[in-house]
Structures are given as structure tokens and as C-alpha cells.
Amino acid sequence: KAGVTQTPRYLIKTRGQQVTLSCSPISGHRSVSWYQQTPGQGLQFLFEYFSETQRNKGNFPGRFSGRQFSNSRSEMNVSTLELGDSALYLCASSLGLVRPGELFFGEGSRLTVL
Amino acid sequence: AQSVTQLGSHVSVSEGALVLLRCNYSSSVPPYLFWYVQYPNQGLQLLLKYTTGATLVKGINGFEAEFKKSETSFHLTKPSAHMSDAAEYFCAVSEGGGSEKLVFGKGMKLTVNP
């Protein structure tokens, strides 16, 4: 069974640009969550989607947005990039209420903003 | 609001020695508690979780954790460390109740010396 796939794995952008990150969940998983990981702030929750609906949102500015498609694949977008957006962005999928909190993480997309 | 405290950021043990990683939580509702492990350049992997029932929880790779409500703790232990245990360990708390949002501690980097 394939795991969570995130693309791209690495990317470099400059300030002011925008970026879109993609996440393909494990087959059968309808819940997708996104986290930002930085050395200073650790792991911070960004969003949670279930069946194309955003169920929860973390404390991030409106520049951070996401969506989920009918096939459960998810994307997140960051507009007007800032240096502080440099981070590892992790996507996780799960079975949702069936096994709450049991998240399966991808290897992440490492974003560097110059 | 829920929170998790992992005091310190690094711990070093000798191979074969006891591993003890501490986690204290704060939650206004009965918590779901988790330990995740992150190997270098990888995403997070679930080690074990506590939801209800038995307070001593066994996980993968010989790890276990004990939920102590009176101490608001969920410490992770392993009787004998192996070189392959070197990784970063995260304690997390969830409200459950339909949300997959996890609040993570800052993490503890475990080094195992030969």
C-alpha cells in the first residue's frame, strides 16, 4: 500500500512569490492535515480537510490556504512568500473518526525562501 | 487550550540503557495522547497512543508509555536502547471528538552512543 506522497520534495522560492504544495493521501483515507515544521516553532497545525471540507484551521495568516479534491488529494498554497515561511511542510492522512489521531505522514516538502 | 511540554531538547543514552522521554500535557477535556517518532529526512511515524482504557500502552519497537492523570504525564520508555532508536520524538495531544488536529510538543532528539 503506497504511503502519503508529497510533491515537490524540495523547492526554492524568493520573497513575494507564491507556492503550491501537493499531497496524495493513502488510498481510502479521506482526512488530510497539514503541518509546518520549523526549528524554532516546532510542528504547527495548518489545516484539516475531510471530504473536501475544511474542518479546522490553525493560527496562520490568510496567505496560507488549502483545499481538498474529490479524490482526497490536497493542495496548500502560500502566497506572497516571506523569509519566515521557510520550513518543512508535512501532510498527513488518516481514517478520521475510525482511528482518531492516527496520522500517516508524508516525507514533507522542504521550502526555502530567499 | 491544549498544550504539551517536553522539557529539554536533547537526550543522550548508551546502547542498552533505559530510555525515558518525559511529556506533560494540559487539556480541558479527557485527552487522547500520542508519541510520534521522526527519523532524519522523514515524516513522522506513530509509536503509540492512549485514548481510553489501560493506562500502560505498548507501541512499536519496544516502546511503551504510561498515562498518569494525576500527574498529567505520558512519559515514553524503552528498557534497552538500540542504535536504531536515534531519532526525534514528539509527544502530542488531541481533543478527539471529530478533529484530527494534534498539538505537538517541541520534540526530543535522542542520541544513542555505542
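For the structure itself, consult the block above.
Residues numbered from 1 in each chain as written. Chains lettered and ligands numbered in written order. Predicted model: local features only at pLDDT ≥ 70, side-chain atom pairs only at ≥ 80, totals over all residues. Heavy atoms only, no water.

### Some details on the side chain of His75(B)
Residue and element names in this part refer to chain B. Our working rule: Elements are defined by DSSP. Helices are runs of H or I of four residues or more, strands are runs of E of two residues or more, and each kind is numbered from the N terminus. Type-normalised accessible area, obtained with a 1.4 Å probe on protein chains alone, sets the label of each residue: buried when under 20%, exposed when over 50%, and partly exposed for intermediate values. Polar contact criterion, stated in full: a pair of N or O atoms within 3.5 Å, where within protein one must be able to donate a hydrogen and the other to accept it, and residues adjacent in sequence count only if both atoms are side-chain atoms. Contact criterion: two residues are considered in contact whenever any of their non-hydrogen atoms come within 4.5 Å of each other.
Inspection of the secondary structure assignment puts histidine 75 in strand 9 (residues 73–78). Judged by relative accessible area, which is 18%, histidine 75 ranks as buried. Of the polar contacts made by the side chain of histidine 75, one reaches the backbone nitrogen of cysteine 23; its length is 2.9 Å. When residues no more than four places from it in sequence are discounted, the contact partners of histidine 75 are Leu20, Leu21, Arg22, Cys23, Asn24, Trp35, Glu64, Ala65 and Glu66.

### Observations concerning the state of the cysteines
Filter applied, for reference: Any two cysteine sulfur atoms lying within 2.5 Å of each other are counted as a disulfide.
In the structure shown here, the tally under the stated rule is 2 disulfides over all chains. Disulfide pairing is shown between Cys23(A) and Cys91(A); the S-S distance is 1.8 Å. Taking the torsion about the sulfur-sulfur bond, which here is approximately -60°, the covalent link between Cys23(A) and Cys91(A) counts as left-handed. Placement of the pair is Cys23(A) in strand 3 (residues 19–24) and Cys91(A) in strand 9 (residues 87–94), with a sequence separation of 68 residues. Linked covalently through their sulfurs, Cys23(B) and Cys91(B) form a disulfide whose S-S length is 1.9 Å. Classification of the bridge connecting Cys23(B) and Cys91(B) rests on its S-S torsion, roughly -65°, and on that basis the disulfide is left-handed. Of this pair, Cys23(B) sits in the loop between strand 3 (19–21) and strand 4 (24–26) while Cys91(B) sits in strand 10 (residues 87–94), placing them 68 residues apart in sequence.

### What to know about the sheet that holds strand 8 (residues 74–78) of chain A
Residue and element names in this part refer to chain A. Put simply, the test is: At least two bridges found by DSSP between two strands is the condition for calling them paired. For helices, the axis comes from a line fit to the C-alpha atoms of the stretch in contact; other axes are also lines fit to C-alpha atoms, and the angle between any two N-to-C directions lies between 0 and 180 degrees.
Ordered in space as 1-3-8-7, the 4 strands form an open sheet in which the pairing is antiparallel. Of all the strands in the sheet, just strand 1 (5–7) and strand 7 (64–68) have a single pairing partner and so form its edges. Taking each pair of neighbouring strands and ignoring which way they run, the sheet shows an average axis angle of 15°. With 5 bridges connecting them, strand 7 and strand 8 associate as antiparallel partners. Opposite phenylalanine 64, over in strand 8, you have valine 78 as the bridge partner.

### Re the packing of aromatic side chains
Each aromatic ring pair is characterised by the separation of its centres together with the angle its planes make. Using the following cut-off: Two rings belonging to Phe, Tyr or Trp (six-membered ring only in the last case) form a pair when the distance between their centres is within 6.5 Å. Interplanar angles under 30 degrees mark stacking, angles over 60 mark edge-to-face geometry, and anything in between is tilted.
In the structure shown here, the tally under the stated rule is 13 aromatic pairs over all chains. An angle of 20° between the planes, with centres 4.3 Å apart, marks the rings of Tyr50(B) and Phe67(B) as stacked. Of the two residues, Tyr50(B) is situated in strand 6 (residues 44–50) and Phe67(B) in strand 8 (residues 64–68); the sequence distance between them amounts to 17 residues. Classification of Tyr50(B) by relative accessible area gives buried; the value is 9%. For Phe67(B), a relative accessible area of 9% puts it in the buried group. A ring pair is formed by Phe90(B) and Phe104(B), whose centres lie 6.3 Å apart and whose planes are at 90°; its orientation type is edge-to-face. Taken together, the residues Phe90(B) in strand 10 and Phe104(B) in strand 11 (residues 103–104) connect sequence positions 14 residues apart. Taken together, the aromatic side chains of Tyr35(A), Phe45(A), Phe105(A), Phe34(B), Tyr36(B), Phe90(B) and Phe104(B) make up a single cluster linked through ring pairs.

### Quick notes on the interface of chain A and chain B
Here is the rule we go by: Once two parts are put together, the accessible area they lose, assessed with a 1.4 Å probe and summed over both, is termed the buried area. Salt bridges are defined as contacts in which a side-chain nitrogen from Lys or Arg sits within 4 Å of a carboxyl oxygen from Asp or Glu. We call Asp, Glu, Lys and Arg charged. Ala, Val, Leu, Ile, Met, Phe, Trp, Tyr, Cys and Pro are nonpolar, and the rest, Gly among them, are polar.
Across the boundary between the two partners, chain A contributes 26 residues, which contact 18 residues of chain B. When chain A packs against chain B, the two sides together hide about 1,800 Å² of surface, and 52% of this comes from carbon and sulfur. Of all residues in chain A, Leu43(A), Pro100(A) and Phe105(A) bury the most surface against chain B, accounting for 28% of the area lost on that side. Linking chain A to chain B there are 1 salt bridge. Its salt-bridge partner being Lys49(B), residue Glu102(A) comes within 2.7 Å of it at the nearest N-O pair. Counting across the chain A and chain B interface gives 10 residue pairs in polar contact (both at pLDDT 80 or more). Mapped by element, the contributors of at least two residues to the side of chain A that touches chain B are strand 4 (31–38), strand 5 (42–50), strand 6 (53–57) and strand 9 of chain A. Here the side of chain A that touches chain B is composed, by residue class, of 9 nonpolar, 11 polar and 6 charged.

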